[in-house]
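Okay, here's what each chain looks like letter by letter:
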Amino acid sequence: MRNVARVVMTVLLIVVLGSGFRWLYINRAQFMNTESALPGATAVAAVWTTTLPDHTGKTYDLSQFKGKPLILNFWATWCEPCRDEMPEISELASQHPEIVVLGLAIDEAAAVHEFVESTPVSYPLLIAENEGMPLAELLGNNKGVLPYTVIISAQGEVTHIFFGRVNRQMLQKALNL
């Protein structure tokens, strides 16, 4: 009797997993599409009116970065892909000081402070907390995904958006480096 139950449970598990994988395969474009419409001037205007603190309490008025290429990386301390991409983003920021890189943490200041102590990066990590996801959504993150990266040109236009983990090569290509 136990063997029959085990076989039935195994078959049921295979059917459920197979159905799930089939559904993901059929709907993969919904999850993998990075060709969403780019946000317009209204979204970028919201960036320029935003002021956020870093983990030390220093405030950053994002309008100070107008006229410079800007990478906004929305992340969280609990997000493993976010943490995984940071060394490459940090290296790019160090090698290209003409490009402003900002990490916007969808997290609390204490968590970011603890993270920075163990994992220093070469660019400012700002505390966006509850403001972060609405700003990310305004900038095209209609999936609520972290990490989420936005590139704004020196002319103030969103040129690229990335859902999920980015690497140095993706950012270099997007920035024509």
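Heads up: the structure comes first, above all this text.
Residues numbered from 1 in each chain as written. Predicted model: local features only at pLDDT ≥ 70, side-chain atom pairs only at ≥ 80, totals over all residues. Heavy atoms only, no water.

(A) Here's a closer look at the overall build of the protein. Across its full length, the protein holds seven helices and seven strands. Ordering the α and β elements of the protein from the N terminus gives α-α-α-β-β-β-α-β-α-β-α-β-β-α. Looking at the 177 residues of the protein, the share that counts as buried comes to 41%. For the protein, long-range pairs separated by at least 24 residues make up 63% of all intrachain contacts whose partners lie at least 6 apart in sequence. Summing over all exposed atoms, the protein offers an accessible surface of approximately 10,200 Å²; the carbon and sulfur share of this is 57%. (Helix = DSSP H or I, 4+ residues; strand = E, 2+ residues; numbered from the N terminus. Buried < 20%, exposed > 50% of the residue type's maximum accessible area, 1.4 Å probe, protein only. Contact = heavy atoms within 4.5 Å. Areas by Shrake-Rupley, 256 points an atom, 1.4 Å probe, with all protein chains shown as cover.)

(B) Structural view of the pairing of strand S7 (residues 158–163). In this structure, strand S6 (residues 148–152) lies alongside S7, joined through five bridges in antiparallel fashion. Of the residues in S7, the one forming a bridge with Val 150 is Ile 161. Turn length for the S6-S7 hairpin, with the two strands adjacent in sequence and antiparallel, is five residues, and the turn residue Gly 156 shows positive phi of about 85 degrees. (Pairing = 2+ DSSP bridges.)

(C) Spotlight on the pattern of salt bridges. This model, assessed by the stated rule, comprises two salt bridges. Between Arg 168 and Glu 91 there is a salt bridge; the shortest N-O distance is 3.3 Å. Linking Arg 168 in helix H7 (residues 168–175) with Glu 91 in helix H4 (residues 80–95), this pair joins segments that are 77 residues apart in sequence. Residue classification places Glu 91 among the partly exposed positions, given a relative accessible area of 38%. (Salt bridge = Lys/Arg side-chain N within 4 Å of Asp/Glu carboxyl O.)

(D) Quick look at the state of the cysteines. Across all of its chains, the model carries one disulfide by this definition. Covalently, Cys 79 is tied to Cys 82 through a disulfide, its sulfur atoms 2.3 Å apart. Taking the sign of the S-S torsion, 80 degrees for the link of Cys 79 and Cys 82, the bridge is right-handed. Cys 79 gets classed as buried once you look at its relative accessible area, which sits at 5%. (Disulfide = S-S within 2.5 Å.)

(E) Representation of the sheet that holds S7. Judged by pairing direction, the sheet is mixed, and its five strands sit side by side in the order S5-S4-S3-S6-S7 without closing on themselves. Two strands close off the open sheet at either side, each with one partner strand: strand S5 (125–127) and S7. In this sheet, neighbouring strand axes are inclined to one another by 20 degrees on average, regardless of whether the strands run parallel or antiparallel. Its contacts with the sheet put H4 on strand S3 (70–75), strand S4 (100–105), S5 and S6, and the angle it makes with S3 is roughly 160 degrees. (Axes fitted to C-alpha atoms, helices over the stretch in contact; angles between N-to-C directions.)

(F) Local environment of unusual backbone geometry. Here the residue pair Leu 146 and Pro 147 is connected by a cis peptide bond, since its omega of -5 degrees sits within 30 degrees of zero. Positionally, Pro 147 belongs in the loop between helix H6 (129–138) and S6. Its identity is not glycine, yet Glu 129 carries a phi of approximately 35 degrees, on the positive side. Looking at where Glu 129 falls in the secondary structure, it is placed in helix H6. Look at Asn 176: it is not a glycine, yet its phi comes out positive at around 55 degrees.

(G) Just the side chain of Asn 141, in detail. Inspection of the secondary structure assignment puts Asn 141 in the loop between H6 and S6. Among the residues examined, Asn 141 registers a relative accessible area of 2% and is labelled buried. Engagement of the side chain of Asn 141 in a polar contact is seen with the backbone oxygen of Val 145, the distance being 2.7 Å. Setting aside chain neighbours within four positions, we find Asn 141 in contact with Met 133, Ala 136, Tyr 148 and Phe 163. (Polar contact = N/O pair within 3.5 Å; in protein donor to acceptor, adjacent residues only side chain to side chain.)

(H) Highlighting the packing of aromatic side chains. Tallied over the entire structure, the rule returns three aromatic pairs. Ring centres of Phe 74 and Tyr 148 lie 6.1 Å apart, and the angle between their planes is 40 degrees; on these two criteria the pair is classed as tilted. Placement of Phe 74 in strand S3 and of Tyr 148 in strand S6 is noted, with a sequence separation of 74 residues between them. Take Phe 74: its relative accessible area is 0%, and that puts it in the buried class. Aromatic pair Trp 75 and Phe 115: ring centres 5.0 Å apart, planes at 50 degrees, arrangement tilted. (Phe/Tyr/Trp six-rings, centres within 6.5 Å; stacked < 30°, edge-to-face > 60°.)

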